[in-house]
Amino acid sequence: MDLKKQVKFPYEFIGKESLRKEHWVVIGIIPARMASTRYPGKPMKNICGIPMIGHVYLRSKMSKVLDEVYVATCDRQIRDYIYSINGKAVMTSDKHERASDRASEAMFKIERNLKKKVSIVVMIQGDEPMLFPEMIGLSVKPMQKDKNLQITNLMGLVKTEKERLDPNTVKVVVDQDNFALYYSREAIPSGRKFKGVISTYKQVPIIPFRRDFLIKFGRLTSMSLERIESVDMLRVLEHGYKVKMVLSKFVTFSVDTPEDLKRVEKLMLSDKLLRRYRKA
């Protein structure tokens, strides 16, 4: 699949002004908890002197499309840290297993506080400390163009065989219109019988939902494929809905292990965005 055909360069991002003309309220919600099964306590792991959740929050706040950003958590340690940097946090149940379910609960609480409904909720995973704020605009743009789209999801190219085989990297295969066909922690598509070059994509967990679809999603039954792969978006596919994938050129790495943390910290030492918010 030709990368240049999928994404126009340079990017054109939606400004707050264009959203306000349509009376949209677009918020970012970052679900985070200390009891991660793969890497307990990772939201508060230190990267260049700042907890990981702080990087995600501060970089998300730079997005031009978001009216506000909230951290949704069941842990007071995370909430108190976000408060300490003058951020906004919402306490949620400690029973949620999926980030999207935590985001759904947080959205209702946020709306009660705002006394109005939001239009789009951008779910941003708390283990993406290298995210660029422009990625959020890229993920929302298709919804502005097509009002029938209910959910989008960023994806990026898998560039190494190690990453392709890593179960912590969620891979996705798409149809010719870039709608998701399947997500897996396994290496898909298989390269065993094909000797040519295979483009493999990974899920980048920045996922905008239209408000009503996030509510609907929360009411859908979790089915077998979602549980087997431990991927929220399979609930959407299993119930017959579509996820529009949006290709991103930005190179980022999530943190799922202590080794990931060391790699990301090394890369972020030369990060220009870090210089901006570390001085604030």
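**As for the sheet that holds strand E9 (residues 180–184)**
Item 1. One open sheet holds the five strands; their spatial order is E9-E8-E10-E7-E12, and the pairing between them is mixed. Every interior strand has two partners, whereas the edge strands, E9 and strand E12 (244–247), have only one. Across the sheet, the mean angle from the axis of one strand to that of its neighbour is 45 degrees, orientation sign disregarded.
Item 2. Bridge count between strand E8 (residues 171–174) and strand E10 (residues 201–204): two bridges; the pairing is antiparallel.

**So, the packing of aromatic side chains**
Two aromatic rings, taken as a pair, are described by how far apart their centres are and by the angle between their planes.
Item 1. Counted by the stated rule, this structure contains three aromatic pairs.
Item 2. Between Phe213 and Tyr241 the ring centres are 5.3 Å apart and the planes differ by 75 degrees, which places this aromatic pair in the edge-to-face class. Within this pair, whereas Phe213 is found in helix H8 (residues 211–219), its partner Tyr241 is found in the loop between helix H10 (233–238) and E12, the two being separated by 28 residues in sequence.
Item 3. Judged by relative accessible area, Phe213 falls into the buried class, the value being 4%.
Item 4. Assessed through its relative accessible area of 31%, Tyr241 is described here as partly exposed.
Item 5. Lying over the aromatic face of Phe253, Arg263 brings its terminal NZ or CZ to 4.1 Å of the ring centre.

**Details of the nonpolar core**
Item 1. Counting residues in each nonpolar core, the largest one holds 47 residues, and the members touching the most others are Ile53 and Val122.
Item 2. Contributing elements (two or more residues each) for this core: strand E1 (26–32), helix H3 (52–60), strand E4 (68–73), helix H4 (76–84), strand E6 (120–124), helix H6 (133–145), helix H11 (258–268) and helix H12 (272–278).
Item 3. Take this core: its biggest share by element is five residues, from H6.
Item 4. Those residues in contact with Val122 that sit more than four places away from it in its chain are Val26, Ile27, Gly28, Ile29, Leu66, Ile136, Ser139, Val140, Ile206, Ile207 and Pro208.
Item 5. Core analysis: the second largest hydrophobic core is formed by 36 residues, Met123, Val170, Tyr201 and Ile215 among them.

**Things to note about the pairing of E6**
Item 1. Buried residues dominate E6, accounting for five of its five residues.
Item 2. With burial as the criterion, each face of E6 is covered, one bearing Ile120, Val122 and Ile124 and the other bearing Val121 and Met123.
Item 3. The pairing of E1 with E6 spans four bridges and is classified as parallel. Bridging from a neighbouring strand, Gly28 pairs with Val122 of E6.
Item 4. For E6 and strand E11 (residues 206–210), the ladder comprises five bridges, and the chain directions are antiparallel. Of the residues in E11, the one forming a bridge with Met123 is Ile207.

**Considerations on H8**
Item 1. Looking at H8, one finds that the buried residues are Arg211, Phe213, Leu214, Ile215 and Phe217.
Item 2. Check the buried side of H8 and you find it contacts helix H5 (99–114), E6, E11 and H10.

**Here's the deal with the environment of Asp177**
Item 1. If you trace the backbone, Asp177 turns up in the loop between E8 and E9.
Item 2. The spatial distance from the C-alpha of Asp177 to the C-alpha of Lys244 is 8.3 Å, given a sequence separation of 67 residues.

**Details of the sheet that holds E11**
Within a sheet, each strand pairs with its neighbour through backbone hydrogen bonds, oriented either parallel or antiparallel.
Item 1. If you trace the five strands from one edge of the open sheet to the other, you get E5-E4-E1-E6-E11, paired in mixed fashion. For this open sheet the edge positions go to strand E5 (89–91) and E11, each flanked by a neighbour on one side alone. Each strand of the sheet is rotated relative to its neighbour by a mean of 25 degrees, with strand direction disregarded.
Item 2. Helix-sheet contacts for H4 involve E1, E4 and E5, and the interaxial angle to E5 is about 155 degrees.

**A short note on the packing of H5 against H8**
Item 1. Running from N to C, H5 and H8 cross one another at 130 degrees; their axes reach a closest spacing of 9 Å. Here H8 runs oblique to H5, going by the angle between their axes. The handedness of the crossing between H5 and H8 is left-handed. Across from Ser100, Asp101, Ala103, Ser104, Met107, Phe108 and Glu111 in H5, the residues of H8 making contact are Arg211, Leu214, Ile215, Phe217 and Gly218.
Item 2. The residue makeup of the contact of H5 with H8, split by class, is six nonpolar, three polar and three charged.

**Brief notes about the environment of Asp80**
Item 1. By the secondary structure assignment, Asp80 is in helix H4.
Item 2. Take Asp80: its relative accessible area is 40%, and that puts it in the partly exposed class.
Item 3. Distance from Asp80 to Ser100, taken between C-alpha atoms, is 22 Å for residues 20 residues apart in sequence.

Thresholds, definitions, all that
Residues numbered from 1 in each chain as written. Predicted model: local features only at pLDDT ≥ 70, side-chain atom pairs only at ≥ 80, totals over all residues. Heavy atoms only, no water. Pairing = 2+ DSSP bridges. Helix = DSSP H or I, 4+ residues; strand = E, 2+ residues; numbered from the N terminus. Axes fitted to C-alpha atoms, helices over the stretch in contact; angles between N-to-C directions. Phe/Tyr/Trp six-rings, centres within 6.5 Å; stacked < 30°, edge-to-face > 60°. Buried < 20%, exposed > 50% of the residue type's maximum accessible area, 1.4 Å probe, protein only. Lys NZ or Arg CZ within 6 Å of the ring centre and 35° of its normal. Core = buried A, V, L, I, M, F, W, Y, C linked by side-chain atoms within 4.5 Å. Contact = heavy atoms within 4.5 Å. Parallel < 35°, antiparallel > 145°, perpendicular 65-115°, else oblique. Left-handed = near helix turned anticlockwise from the far one by under 90°. Nonpolar A, V, L, I, M, F, W, Y, C, P; charged D, E, K, R; others polar.

Purely geometric stuff here, so don't read any function into it on its own.
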